[in-house]
Each structure stands twice: as structure tokens, then as C-alpha cells.
Amino acid sequence: MTSEGGTAGVRDVDLAVRVELCHAALQHLADLHGVDLLHVKGVAFEPRWRSSTTGGSDADVLVRPSQVRRLVRALEERGWQRRSRFHTGSPFGHAQTYWHDHLGYADVHRFFPGLGRDEGTFDVLWSARDVRLLGGVPCPVPDEAGQALVFAVNEARNGRPPRAAALGGTEADVETGVLDLVPRVHAEVAWAAAHGRLDAVRDHREHDLWRAVTQDGGRVEEWVARVKAERTLTGKALTVLRAPLVNTEHLANTRGHRPSPVEVGVEFADRVRRAALEVWRSRRPGAGR
Amino acid sequence: MTGPSAHPGWELAPGWGAVDRPGDGDHGGRLYVAPLLSGEITVLEGAAASVARAALAGHGLAQIPAAVAAELGVEVPDVETEVVGELLQELVELGALTVRDRS
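Residues numbered from 1 in each chain as written. Chains lettered and ligands numbered in written order. Predicted model: local features only at pLDDT ≥ 70, side-chain atom pairs only at ≥ 80, totals over all residues.

- In the nomenclature of an unreviewed UniProt entry, chain A corresponds to Nucleotidyltransferase from the organism Ornithinimicrobium tianjinense.

Have a look at this one:
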């Protein structure tokens, strides 16, 4: 019998084992603090709704929006180290990443990109939840239609070919379940993106953001789309203000240390230079999509 | 320790997680247990994994040697009940296992 911190060492604990125990630990913490969690992606899903056969490198959970602060506080009290913030983690601002010295990475989602951000969306998924045993702990997961939808929009967001992200080849009842779910969780734009039909939702405020992420648009285009996708004027204003700022957590993660003021300054200048270059290129005669 | 036939058996302690990988590593595989708040993972390997696996499957002390022998492909007398009991007691002291409530 060997402890991870003792003679066995970290190398003896497979990543997949850590991820599964990470899900279990998140669920245990949620249970202690009365937080509703849905475990999403990777090992939480049926194998056919996983992006990789290995089950991923982190544990992803979707938290009831009104309980996000409670879970975040509980995680930080228990020594989980935040590695990214919601508004800096991705163009969607959907998840915050945590690191645990024994269990590895956890991604805490306050909403899932492509699905609604509201309590009602979570309620729809929650009311149809299944339970999967992860690390010996019963963990709530979306039902099959929910898993299929999350898988499809996640594939689309990661730029995988639209047809591969659609549900081709699945049985009729699953597809019917997904089609029923799409409007109830406000996933019309993401669903259209997953099928390569973004033009059909051109008038939607999230259209440009999905075009930017699925068609690998430039950073400036992405930020403009992020502003457009915000529902409120305050949200738009905050997004504009954040655009030029350096993501210091990302910088720390890539460099392996907390960046110095000089490093942040250099990165800031480089961001401005890259943005200017992108704008100049996009406005040259003959440029454009 | 209570006699083999009278022992109520074991279960995973509340607040602990477990991942079973019977096909990993040596004969008997690996079984990983961790307290879910601290997350420190303990790795049980080979025969130790097999014993813990049998206990978590609900076998009592009297049945565990046969279950372990079948999994490891050895004779039942080769699995010493006393050693099995000591290992399970160690896991109880670690906090990973708890004695099943008979009531």
C-alpha cells in the first residue's frame, strides 16, 4: 500500500484516475455546501458523447448559476488554486479553472457555451438528470439528450467539422430529445453552428461570436463579437474595457511563474501591436472573409 | 478482531472516493482511494487491491480469501485470513473503509 505523496509518487496515479476522483471530490464538496452540480464532458458522459477516448484531462462541472459563488468560496477555502477567472478564461467567459495538488485540474462552469446562462436553462438540464458513479460517488449528469447536445456544441466550439459534431447516426429518439431540448436551453445559435448553418441565425446577437470561434477568426473580430454578444450595456462596456488588458493568469500559466510588471508591459504592447496589425490586414484592399 | 463468520463486512467510508482498475499493473490490478476533502491518493496494488476490492464488493472476512484466490489464481489456503484481516484493519485505521452497520 503506497500513498501518492509517499513511495508510489505522482507518476503512479494515472491521469484518468485523478480526473475521476476530482469529479468525486467536487461532488462531495457540493453536497457539503448544498450546491447543485451537473458533471459534464469526459468521463461524466457516455463514451459516444466524449471528445476523446481517454476522457479528457480535467473534471468539468456545470454549477447552478445562483450557487456559483458558494461553490467557488468552498473550493478556495479547501485549498483549490484558481488558475483562470470567468471573464478571462475564454471568449464566452463561462468557466473558471482550479488546480488541486493531488487531483489536478477542475473547470467550474457558470454556464455552458452555446446554452443559456440563466437559472431556467440549468433547471431544464437538472430536472432530467441521470446519475453516474464517479470515484465511488453518485454524480448528477445530464440525461442522454443533454449529453448529446453538450457534446455537439462543444465539438462545434472547438472547431471540429460541423458534420462530425452533428448527431448523424444516432437513434431517432435521442435526436428527437435533442431537438426538443435546443429551444428550451436557448441553444439555437450553437446548434446551428454545430450543423454549419450559422447563416440561418444571422440576426442573433451571438452569431458573430460563434462565427469567430468556429471559423478561427482574429482576436479583434472575436472581441467585437464578444461585445455584440453581451446582453446589457454594462456588459458591453466591461467587455470593451477588458479587451486590451493582459490576461495575467494565462501568462503565469504559460511561463510557469507570476509575471513581473515588465513582462506584463511587454505583453500589453504586443497585444496592441498584434491588434493593430490585424486591423490593418483586414482593411487592405482584397482582404475580408 | 471479531471472528470471520461474525464480521459484518466493510464499505467505503463516507467522504472517501475510490477508483478500481483491476487491469492495471501487476496481477490484482490497482485500487485507488482518497479522502475527498484533502484528495491525497493511496494506491493499493496486487493482492492488497484484490483484498480491498473483495471487501468493497460486500464479501465478509470469511469469503474474502476465496474471492482473492479466484482473482489471483492461487489456492485458497495461500491467502491467509489473518493477513487479510490486518490489511483491512489498516484501511479502517487509514479512514478509507468503515465497518458495515449491521442494523
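Picking up after the structure, the text goes on.
### Here we look at the overall build of chain B
Moving on, step 1. Each helix and strand counted, chain B has three helices and five strands in total.
Moving on, step 2. Listing every helix and strand of chain B by position from the N terminus yields β-β-β-β-α-α-α-β.
Moving on, step 3. At 13 Å, chain B has a C-alpha radius of gyration in line with the 13 Å of a compact globule built from 103 residues.
Moving on, step 4. For chain B, the spread of C-alpha atoms along the three principal axes comes to 40 × 35 × 20 Å. (Helix = DSSP H or I, 4+ residues; strand = E, 2+ residues; numbered from the N terminus. Rg over C-alpha atoms; globule rule 2.2 N^0.38 Å.)

### Re the interface of chain A and chain B
Moving on, step 1. Counting residues at the interface gives 21 residues for chain A and 17 residues for chain B.
Moving on, step 2. For the side of chain A that touches chain B, the element with the highest residue contribution is helix α1 (residues 15–33) of chain A, accounting for six residues.
Moving on, step 3. In terms of residue class, the side of chain A that touches chain B is made up of nine nonpolar, eight polar and four charged. (Contact = placed C-beta atoms within 7 Å. Nonpolar A, V, L, I, M, F, W, Y, C, P; charged D, E, K, R; others polar.)

### Section: the pairing of strand β3 (residues 30–35) of chain B
Across a regular strand the side chains alternate sides, sitting on one face of the sheet and then on the other.
All names here are of chain B.
Moving on, step 1. Most of β3 sits inside the fold, with five of its six residues counted as buried.
Moving on, step 2. The pairing of strand β2 (residues 16–21) with β3 spans six bridges and is classified as antiparallel. Residue pairing in the sheet places Val19 in a bridge with Tyr32 of β3.
Moving on, step 3. Of the pairings in the sheet, the one linking β3 to strand β4 (residues 42–45) comprises four bridges and is antiparallel in character. Residue pairing across strands places Arg30 opposite Glu45, the latter belonging to β4. (Buried ≥ 20, exposed ≤ 12 C-beta atoms within 10 Å, placed from the backbone. Pairing = 2+ DSSP bridges.)

### Quick word on the packing of helix α9 (residues 207–214) of chain A against helix α10 (residues 219–229) of chain A
The description of two packed helices rests on the angle between their axes and on the distance between the axes.
Residues and elements named next belong to chain A.
Moving on, step 1. The geometry of α9 relative to α10 is characterised by a closest axis approach of 7 Å and an angle of 150° between their N-to-C directions. Classed by the angle they form, the pair α9 and α10 counts as roughly antiparallel. Both α9 and α10 take part in a crossing whose hand is left-handed. Along its contact with α9, which presents Asp208, Leu209 and Ala212, the element α10 presents Glu221, Glu222, Ala225, Arg226, Lys228 and Ala229.
Moving on, step 2. Partitioned by chemical class, the residues of the contact of α9 with α10 number four nonpolar, no polar and five charged. (Axes fitted to C-alpha atoms, helices over the stretch in contact; angles between N-to-C directions. Parallel < 35°, antiparallel > 145°, perpendicular 65-115°, else oblique. Left-handed = near helix turned anticlockwise from the far one by under 90°.)

### Quick word on unusual backbone geometry
All names here are of chain A.
Moving on, step 1. Phi angles above zero are rare outside glycine, and Lys41 is one such case at about 65°.
Moving on, step 2. Within the secondary structure, Lys41 sits in the loop between β2 (37–40) and β3 (58–63).
Moving on, step 3. Lys41 gets classed as buried once you count the C-beta atoms within 10 Å, which come to 25.
Moving on, step 4. Of note, the phi angle at His186 is positive, near 55°, even though the residue is not glycine.
Moving on, step 5. Counting through the fold element by element, His186 comes out in the loop between α7 (172–184) and α8 (188–194).

### Quick look at the environment of Val61 of chain A
All names here are of chain A.
Moving on, step 1. Here Val61 shows up in strand β3.
Moving on, step 2. Its 25 C-beta neighbours within 10 Å are what place Val61 among the buried residues.
Moving on, step 3. The spatial distance from the C-alpha of Val61 to the C-alpha of Asp101 is 18 Å, given a sequence separation of 40 residues.
Moving on, step 4. Among residues more than four places away in sequence, those in contact with Val61 are Leu26, Leu37, Leu38, His39, Val40, Ala106, Val108 and His109.

### Quick word on the confidence of the model for chain A
Moving on, step 1. When pLDDT is averaged across chain A, the result is 82; 78% of the residues are at 70 or more.
Moving on, step 2. Of the regions scoring below 50 in pLDDT, residues 3–9 of chain A engages in 14 contacts with residues more than four places distant in sequence or in other chains. (pLDDT = per-residue confidence, 0-100.)

### Quick notes on the pairing of strand β6 (residues 104–109) of chain A
All names here are of chain A.
Moving on, step 1. Buried residues dominate β6, accounting for five of its six residues.
Moving on, step 2. Pairing geometry for β3 and β6, over five bridges, is parallel. Paired with Ala59 across the two strands is Ala106, which belongs to β6.
Moving on, step 3. Here strand β5 (residues 95–100) runs beside β6; their pairing, made up of six bridges, is antiparallel. Paired with Tyr98 across the strands is Ala106, a residue of β6.

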